[in-house]
Structures are given as structure tokens and as C-alpha cells.
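Structure assessment
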Amino acid sequence: MTKHQVTMIAGDGIGPEISAAVARIIAAAGVEIAWEEVEAGAGVMAKYDTPLPESVFASIRKNKVALKGPITTPVGSGFRSVNVAIRKELNLYANVRPLQVHAHQFARAEDIDLVVFRENTEGLYAGIEHYVGDQAAESIKIITRKASRQIVEKAFAYAVSEGRTRVTAVHKANILKYSDGLFLEEARQVAAKYQQSNPEIKFDERIVDNMCMQLVQYPGQYDVLVMPNLYGDIISDLGAGLIGGLGLAPGMNLGDEIAVFEAVHGSAPDIAGQNKANPVALLFSAVLMLRHLGEKTAADSIEKAASKVLNKGEVLTADLGGTASTDQITKAIIAEL
Ligand code: NAD
């Protein structure tokens with residue numbers, strides 16, 4: 001009997017290759033998933049007249065859980081980001097990126113165990129832009145109390161449920177006094193509430209530029225980080241670099257009911273279709289998904305198998321300095337299971 005029904009958006013670029021690899025590994029781990037495959041991205045424009053057909057939303061709303069490959073966003077022109085549109089439409093207000101060391105030889109420090117909570121629906125990603133004449137352009141950054149409170153609440157709730165002991169709010173309120181100031185005000189209020197119920201969780205604040213330097217110098221000192229959209233985008237890539245690169249960094253987009261799991265990296269058009277992509281970041285995202293679905297044993301064994309392959313260092317894709325293909329690393333992980 002099929003146990004879980006999950007929406008699969010394979011995506012474009014390297015998306016189809018790595019999604020297929022991940023589905024193979026999950027099946028090999030013995031988890032039964034009925035994948036409901038839906039199409040989105042540049043490749044389906046001609047077919048549906050939109051890169052994001054309504055069927056994608058219908059499927060995710062029905063199943064409540066999706067695994068998503070990367071989708072290309074053309075720079076400067078064409079459609080707006082499908083990735084951003086999915087997060088906005090389904091109110092997936094929290095982008096969560098756990099950054100743990102699984103491949104020791106690629107990590108910048110052994111003790112990195114960070115979780116980045118990035119506000120996912122507003123900030124500069126609201127996409128409100130216009131030209132001012134032909135010599136300038138203006139972009140509007142939206143910060144609301146509601147979205148700020150929601151993301152900080154989510155970060156604290158996670159800290160409580162996962163036994164974490166520190167939440168750091170990241171901002172630039174010294175310069176952006178209204179927008180980031182408002183985010184920080186809400187963060188302080190949520191923190192004050194948690195100080196009553198969970199005094200074991202410490203709260204502090206960092207200005208984003210200082211945070212970047214601190215993460216490079218002392219990454220092991222930080223725990224849960226929460227921040228507005230753009231800072232989250234940048235810091236989670238910085239964090240991905242600390243643990244060994246984009247090929248290893250998983251992520252999830254959470255709302256109140258729906259969860260969409262995807263890797264931090266993009267569609268890597270430079271290596272698409274060449275059987276060279278590293279499927280591990282999407283695989284670690286699928287591990288988060290399996291835990292969300294209650295498949296803890298399978299999640300743990302997949303994580304262990306992938307870590308073993310990475311740490312042995314014999315079968316690695318080119319982004320990690322090896323020569324293995326997507327297919328070869330997939331087979332090596334399955335062999336370890
Ligand atoms: P990218 O992450 O696609 O690629 C950056 C570099 O990392 C490239 O050299 C690429 O080959 C390499 N790389 C990335 N993932 C890899 C993997 N799994 N295995 C091996 N190497 C990998 O970033 P980019 O080039 O800035 O973006 C390409 C496209 O992806 C853009 O259209 C961008 O908008 C889109 N994008 C989508 C998402 C998403 O779907 N969530 C996220 C980021 C970027």
C-alpha cells in the first residue's frame with residue numbers, strides 16, 4: 001500500500017537529473033511514495049502559456065508536501081521567479097536552511113550547526129520595481145509586522161522543539177531604521193514572550209555585515225539565525241560555503257500547513273543534462289521531508305549513507321573535486337544503505 005502522496009516538481013536545468021536520483025534513493029530506503037509529478041519553469045511556457053500552471057498549486061495544496069528541483073529565472077527580462085511565486089502564493093513564509101557538517105573534509109569548521117530562518121514573502125523580494133526615467137531604477141522593500149512576527153515565532157518554536165539554545169536576529173536597523181527597525185521591534189517582542197516561557201533560549205541581535213564576518217570567523221558560536229528575506233538569501237549561501245558548498249546544502253519552505261522541500265542551489269545551466277550534477281543537496285532536502293512525513297528511520301539511514309560516501313571521498317561529483325557522475329554517486333549511496 002502506498003504510504004505517502006507527495007508532489008514532485010522536477011524543475012529545469014539539472015532539476016530532472018537530481019530529482020530522479022533522489023527518488024531512486026528514497027525508494028531504495030524502502031519508503032513508499034506516490035509522486036504526483038507536475039511541471040513548472042521555462043520549459044513549459046509554450047505548453048501552458050505560463051511557467052507556473054495552476055495544476056502545480058492544486059497538487060501542492062492537496063498533498064501539503066512537495067519536493068522541488070531548481071527552476072531557472074531569466075535575468076533582467078522574461079517572467080518573474082517561479083520559485084518566489086510558489087512561496088508567495090502558498091504563503092510559505094519561512095525558508096529554513098539547516099547547515100550541518102556531513103562531509104568533514106569540505107567544511108570550514110567542525111562545529112558548525114546552524115539553522116537559518118529567512119523571511120520568504122516580502123522584503124526586496126516583493127519585486128516592486130520601476131524605472132525612474134531611463135537613467136535610474138527604484139526597488140521598494142516591504143517589511144510588515146505580521147510577516148516579521150511570523151518568521152521570528154517560527155524560529156523560536158523551532159528552537160523550543162529542537163532543544164536549541166540561542167536565537168539571533170540579523171538586521172541592518174542602524175541604517176534602515178523604519179523597515180529593519182520594524183523587523184527588529186517585532187523580534188524583540190517575540191523574544192520577550194519566549195523569555196517568560198523558555199528562558200533557556202537566549203536572544204541576541206547582529207547587524208548583517210558583522211554577522212557575515214562572525215560566521216566566517218566563529219561559525220560554531222551561532223545556533224538559530226532569523227532575518228528578513230535578502231539577508232537570508234545571502235547568509236544561507238555563505239553558510240552553504242561553510243559546510244562545503246551548494247552541492248551539500250538543503251532547504252525547506254514552510255507555511256502553517258504546507259511544506260515544500262528544495263536545495264539551496266539553482267538550476268546550474270552550465271552542467272545541465274551532462275550527468276554531472278551533485279544530487280546530495282536535494283537528497284538532504286528530501287531527508288528533511290522524510291522527517292516531516294514521520295519517516296525518521298529512513299531519513300537517518302539515507303543521511304548516514306550519503307555522509308559515508310562523502311567522507312570516504314572515492315565517489316564525488318566535480319563540484320566536490322571528484323570525477324563521478326550523478327548516476328555513480330547515486331549508486332554509491334544506494335550501496336551504502
Ligand atoms: P546555481 O546554484 O545554479 O549555480 C552556481 C554554480 O554552482 C554553478 O557553477 C553550478 O554548476 C554549480 N552548482 C549548483 N548546484 C550544483 C549541483 N547540485 N551540483 C554541481 N554543481 C552545482 O546558481 P546560478 O548560476 O546563480 O543560477 C542558475 C539559475 O538557477 C538562475 O536562473 C537562478 O535564478 C536559478 N535559481 C533557482 C533556485 C531555485 O529554484 N530555488 C535557487 C537559486 C537559483
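Attention here is on the structure that accompanies the text. (Residues numbered from 1 in each chain as written. Predicted model: local features only at pLDDT ≥ 70, side-chain atom pairs only at ≥ 80, totals over all residues. Heavy atoms only, no water.)

**A closer look at the site of the ligand**
Around the ligand sit 21 residues in total, of which I71, T73, G266, A268 and N278 are the nearest. Contact distances for the ligand include 3.3 Å between an oxygen atom and a side-chain N or O atom of K68. I71 places a main-chain nitrogen or oxygen 2.9 Å from an oxygen atom of the ligand. In isolation the ligand exposes 810 Å². Once the protein is present, 69% of that is buried. Split into classes, the residues belonging to the shell around the ligand amount to nine nonpolar, seven polar and five charged. (Near = heavy atom within 4 Å. Polar contact = N/O pair within 3.5 Å; in protein donor to acceptor, adjacent residues only side chain to side chain. Areas by Shrake-Rupley, 256 points an atom, 1.4 Å probe, with all protein chains shown as cover. Nonpolar A, V, L, I, M, F, W, Y, C, P; charged D, E, K, R; others polar.)

**Looking at the packing of helix 1 (residues 15-28) against helix 11 (residues 326-336)**
As a packed pair, helix 1 and helix 11 sit with axes 10 Å apart at the nearest point and diverge in direction by 15 degrees. With respect to helix 11, the element helix 1 is oriented roughly parallel. Crossing hand, helix 1 versus helix 11: right-handed. Contacts between helix 1 and helix 11 involve E17, A21, R24, I25 and A28 on the former and, on the latter, T326, D327, T330, K331, I333 and I334. Class assignment of the residues belonging to the contact of helix 1 with helix 11 gives a composition of five nonpolar, two polar and four charged. (Axes fitted to C-alpha atoms, helices over the stretch in contact; angles between N-to-C directions. Helix = DSSP H or I, 4+ residues; strand = E, 2+ residues; numbered from the N terminus. Parallel < 35°, antiparallel > 145°, perpendicular 65-115°, else oblique. Left-handed = near helix turned anticlockwise from the far one by under 90°. Contact = heavy atoms within 4.5 Å.)

**Overview of the sheet that holds strand 2 (residues 33-38)**
If you trace the 10 strands from one edge of the open sheet to the other, you get 2-1-3-12-11-4-5-10-8-9, paired in mixed fashion. The open sheet has two edge strands, strand 2 and strand 9 (202-207), and neither has a second partner. Strand-to-strand twist of the sheet, defined as the mean angle between neighbouring strand axes without regard to direction, takes the value 25 degrees. Where strand 8 (residues 166-171) and strand 10 (residues 224-227) come together, three bridges link them in parallel fashion. Along strand 10, the bridge assignment pairs T168 with L225. (Pairing = 2+ DSSP bridges.)

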